[in-house]
Amino acid sequence: MIDAPKRCSRCHGTLGLAVLERFSGEQSGVRMSVEGLPALECAEGHRRFLAPDFPNHLMQALLAGEPLVPVPAAAQKGVLRKRLHCAGCGEPLAAQPASGVEAVRVLEVKGSSPFGVRVEAPKYHCAACGKENALPERALLDALLKASVNGFRAARIDPN
């Protein structure tokens, strides 16, 4: 039995495989750039993911294996006014990051063709002990998820 071609949910045109140009999204200093993402696209330019759960699989593939940020995560302390503290000595870190850290991965999700993902995150320098610190893991993951959503919106990918 031959599968019927997939239809666009907006214009009902036939969807075909497309490779998207580079797009990116940012949140709280975390930037995610994606190049060569495979997606479905109709003649009118409406886009959607290869599968409805594609973003979930993308995040799982991105976070699998070696740590995304190879720098120790700072601790976040405070109830009302949260501040970052050095993972090494516990001293408060400057509010502004000193530099950034970058991770580049080539991913394949659910049998897709390979595409590149680049994540840039802030890195903080401890004035007391000199150690480098990344965002706390929970804050990094939250910002990364929101950055990916912002990137998908910028690329005009409809989740349906």
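The preceding data block contains the structure.
Residues numbered from 1 in each chain as written. Predicted model: local features only at pLDDT ≥ 70, side-chain atom pairs only at ≥ 80, totals over all residues. Heavy atoms only, no water.

Engineer: A description of the environment of Leu145 should follow, citing residues and the corresponding values.
Structural biologist: Following the sequence through the fold, Leu145 ends up in helix H2 (residues 137-154). Here Leu145 falls in the partly exposed class, since its relative accessible area comes to 46%. Separated by 76 residues in sequence, Leu145 and Val69 place their C-alpha atoms 15 Å apart. (Helix = DSSP H or I, 4+ residues; strand = E, 2+ residues; numbered from the N terminus. Buried < 20%, exposed > 50% of the residue type's maximum accessible area, 1.4 Å probe, protein only.)

Engineer: Can you explain the sheet that holds strand E5 (residues 47-48)? Please cite residues and give values.
Structural biologist: Read across the sheet, four strands follow the order E1-E4-E5-E11 without closing on themselves; strand pairing throughout is mixed. Either end of the sheet is taken by a strand with one partner, and the two such strands are strand E1 (16-19) and strand E11 (157-158). Sheet topology places E5 next to E11; two bridges connect them, and they run parallel. For Arg48, the partnering residue across the bridge sits in E11 and is Asp158. (Pairing = 2+ DSSP bridges.)

Engineer: So what's going on with the packing of aromatic side chains? Residues and values would help.
Structural biologist: A complete count under the given rule lists four aromatic pairs for this structure. Between Phe49 and Phe152 the ring centres are 4.9 Å apart and the planes differ by 80°, which places this aromatic pair in the edge-to-face class. Of this pair, Phe49 sits in the loop between E5 and helix H1 (54-63) while Phe152 sits in helix H2, and the two are 103 residues apart along the sequence. Given a relative accessible area of 6%, Phe49 falls into the buried group. Judged by its relative accessible area of 7%, Phe152 is buried. Measuring from centroid to centroid gives 6.2 Å for Phe54 and Phe115, while their planes differ by 40°, and the two rings are tilted. On the criterion of sequence distance, the pair formed by Phe54 in helix H1 and Phe115 in strand E9 (residues 115-125) is long-range, its members being 61 residues apart. Residue Phe54 is classed as buried on the basis of its relative accessible area of 1%. (Phe/Tyr/Trp six-rings, centres within 6.5 Å; stacked < 30°, edge-to-face > 60°.)

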